[in-house]
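Fold and geometry: a report
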Amino acid sequence: MRVLPVGADALLVEVASDDEAQALHAELLRRRAEGRLPAGEIVPAARTVLLDGLPEPARLAAELTALDLPPVPPRATETVEIPVRYDGPDLADVAAHWGVPAREVARVHAGAEFRVAFCGFAPGFGYLTGLPSRYDVPRRPTPRTAVPAGSVALAGPYTGVYPRSSPGGWQLIGTTDLVLWDHTRVPAALLSPGTRVRFVPVTEPEPEPAA
Amino acid sequence: MTDRALAVVRAGALTTVQDRGRPGHAHLGVPRSGALDGPAAALANRLAGNAPDAAVLETTLDGCSVRPRSAVTVAVTGAPCPVTVDGRPVAWGAPVRVRAGSVLDVGAAVRGVRAYVAVSGGVAVEPVLGSRSTDLLSGLGPAPLTDGAVLPLGTPRAVHAPVDVAPQPAPPAELVLRVTPGPRDDWFTPDAVRLLTSRTYHVSPASNRIGLRTTGPALERARNDELPSEGMVLGAVQVPPDGTPVVFLADHPTTGGYPVIAVVHPTDLPAAAQSRPGTPLRFTPASRR
């Protein structure tokens, strides 16, 4: 574990793996909840946790360097289920990268257990891990100028769901009607770091017969 | 409809509602946002008799015009500019009484970039995650002002401002930003780190509320692998692939994958927000705490 100073009142704690970042994040949240870590922001990411708004960063840095990380405690919260229509425009490309038939993408993706490693890019956008690394895919060579809200997408080791329409370069494999972000709701974000997630395939209902 | 409202007569190039922002949600991908020149916004609120967390208007270069529907006290701070009420000059940087239906015009900035317009009672749009700030990166908060829009105002406080005028720093002819190296200075050549703190940069016209962009010597990386996304702080000096540093301001993304070579001391950021394109910029080493 490396502890890097960031300006006058922040620290970036760097670890070797996703799992360690997850364990570190859980431990830091626990310390803050117990009143032992006065941090304004605790921001996990791929291999780091950023601590911002620290009154005594130097003292905390020394303390963290000596930290022995306990294993990740099992999370008490339930798993968020995201219903998905696996109908994305990049389904065939993803299938080709994976070396499976297109219909297999849904089965593989919906069969995995995901966890929100961190959030970023847009409010409520989670970077979900859970697929084995052989399913990593590159970004699109040319990003789309508008990816529709609710798009379920892959890039690198991550799955994400676009909370609102925005430009994006991820591979689109499906769509959900679930509202990922609603600032009038409590909590506004359906996915926050640590949340466990499953994708549940849904089939398009038959169109209503005309009245 | 309530009388406590402000009609927008001329929105200006970019006028947004700002308060002290919404820190504490970075882990959800929510930028902190808030007034770029916090001290100027706080002073405007004091002069208008508002609480420090009241929402004000932040203009960009060419000001704005508003028509209050009831009598209000206003104060304009930040970038120095001509201020008029119904065409008659009134004081900048001091409380001004504006009658119902009169037009307050905040003119083009003479120096600096952003003027702050506080109105007694504060702009009372619906808060989002505890803040009324417009966040131009994520789209949270109210949309930028448009001609003809109407903004609700809060109830003024009974006690009036204990200040009449207050000194304000002039926007700098040369911007000096104190930086602490790291966290990713080791991703750059030793030469790059030396260049950053020894050469003159200039403020780029591509600057906005997300970041102060620069022109100047490109900073060379010592390693070219991809940095996994990591948390970003206000004032981070991020170096994109073209090598010219970007200083993150209030609407900055919460995570990023370009290495941060140094971090600007937060008290230097208001001056950065008031520096026009073309302003010479020097990064100088700050003493580490």
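Rules and cut-offs
Residues numbered from 1 in each chain as written. Chains lettered and ligands numbered in written order. Predicted model: local features only at pLDDT ≥ 70, side-chain atom pairs only at ≥ 80, totals over all residues. Domains from an automatic or database assignment. Helix = DSSP H or I, 4+ residues; strand = E, 2+ residues; numbered from the N terminus. Nonpolar A, V, L, I, M, F, W, Y, C, P; charged D, E, K, R; others polar. Buried ≥ 20, exposed ≤ 12 C-beta atoms within 10 Å, placed from the backbone. Contact = placed C-beta atoms within 7 Å. Core = buried A, V, L, I, M, F, W, Y, C linked by C-beta atoms within 7 Å. Pairing = 2+ DSSP bridges. Axes fitted to C-alpha atoms, helices over the stretch in contact; angles between N-to-C directions. Expected span 1.5 Å × (residues − 1). Parallel < 35°, antiparallel > 145°, perpendicular 65-115°, else oblique.

**Focus: the domain arrangement of chain B**
Residue and element names in this part refer to chain B.
- Split by domain assignment, chain B resolves into domain 1 (5-152) and domain 2 (175-285).
- The element best represented in the side of domain 1 that touches domain 2 is helix α1 (residues 38-47), accounting for three residues.
- Taken together, the residues that form the side of domain 1 that touches domain 2 break down as ten nonpolar, seven polar and four charged.

**Concerning the environment of Ile82(A)**
Residues and elements named next belong to chain A.
- Inspection of the secondary structure assignment puts Ile82 in strand β5 (residues 80-84).
- The class for Ile82 is buried, based on 24 C-beta atoms found within 10 Å.
- Taking the C-alpha atoms as reference points, Ile82 and Val161, separated by 79 residues in sequence, lie 9.6 Å from one another.
- Apart from the residues within four sequence positions on either side, Ile82 is in contact with Val161, Thr176, Leu178, Val197, Phe199 and Val200.

**Thoughts on the nonpolar core**
- Counting 131 residues, the largest nonpolar core has Ala44(B), Val56(B), Val76(B), Tyr116(B), Val117(B) and Ala118(B) as its most contacted members.
- No other element matches α1(B), which puts six residues into this core.

**Let's talk about the pairing of strand β14 (residues 211-215) of chain B**
Residue and element names in this part refer to chain B.
- Bridge count between strand β13 (residues 201-203) and β14: two bridges; the pairing is antiparallel. Looking across to β14, one finds that His202 is bridged to Thr215.
- Strand direction decides the pairing type here: β14 and strand β17 (residues 246-248), joined by three bridges, are antiparallel. Within β17, the residue paired with Gly211 across the bridge is Phe248.

**A word on the interface of chain A and chain B**
- Taken residue by residue, the interface counts 32 residues in chain A and 26 residues in chain B.
- Breaking the side of chain A that touches chain B down by element, the ones donating at least two residues are β1 (2-6), β2 (10-14), β3 (41-44), β4 (48-52) and β6 (114-119) of chain A.
- Ranked by the residues each element gives to the side of chain A that touches chain B, the list is headed by β3(A), at four residues.
- Of the residues contributing to the side of chain A that touches chain B, the split by class is 22 nonpolar, seven polar and three charged.

**Re the domain arrangement of chain A**
Residue and element names in this part refer to chain A.
- If you check the domain split of chain A, you get domain 1 (2-65) and domain 2 (80-201).
- Using only C-alpha atoms to locate each centre, domain 1 and domain 2 end up separated by 27 Å.
- At the junction of the two partners, domain 1 supplies seven residues and domain 2 supplies five residues.
- By residue class, the composition of the side of domain 1 that touches domain 2 is four nonpolar, two polar and one charged.

**Some points on the sheet that holds β4(A)**
Residues and elements named next belong to chain A.
- If you trace the four strands from one edge of the open sheet to the other, you get β1-β2-β4-β3, paired in antiparallel fashion. Strands at the two margins of the open sheet, each flanked by one partner only, are β1 and β3. Each adjacent strand pair in this sheet contributes to an overall mean axis angle of 20°, direction not counted.
- Note that β2 and β4 share five bridges and pair antiparallel. By the bridge assignment, Leu11 is partnered in β4 with Leu51.
- Across the sheet, helix α1 (residues 18-33) is in contact with β2, β3 and β4; its angle to β4 comes to roughly 25°.

**Focus on the sheet that holds strand β5 (residues 72-78) of chain B**
Residue and element names in this part refer to chain B.
- Strand order in the open sheet made by the five strands is β2-β3-β10-β5-β8, with antiparallel pairing throughout. Strand pairing shows two members of the sheet lacking a second neighbour, β2 (16-18) and β8 (96-98), which therefore form its edges. Pairs of neighbouring strands in the sheet enclose a mean axial angle of 35°, with direction left out of account.

**Brief notes about α1(A)**
Residue and element names in this part refer to chain A.
- End to end, α1 covers 22 Å across 16 residues, agreeing with the expected 22 Å (1.5 Å per residue, within 8%).
- Three or more residues of α1 are buried, namely Ala21, Gln22, Leu24, His25, Ala26, Glu27 and Leu28.
- Just past α1, the residue Gly35 takes up positive phi, approximately 80°.

**Here's the deal with the packing of helix α3 (residues 91-98) of chain A against helix α4 (residues 102-111) of chain A**
Residues and elements named next belong to chain A.
- At a minimum axis distance of 8 Å, the contact between α3 and α4 shows a crossing angle of 80°. Put simply, α3 runs roughly perpendicular to α4. Across the interface between the two elements, Leu91, Ala92, Val94, Ala95 and Trp98 of α3 pack against Ala102, Glu104 and Val105 of α4.
- Its residues assigned to classes, the contact of α3 with α4 comprises seven nonpolar, no polar and one charged.

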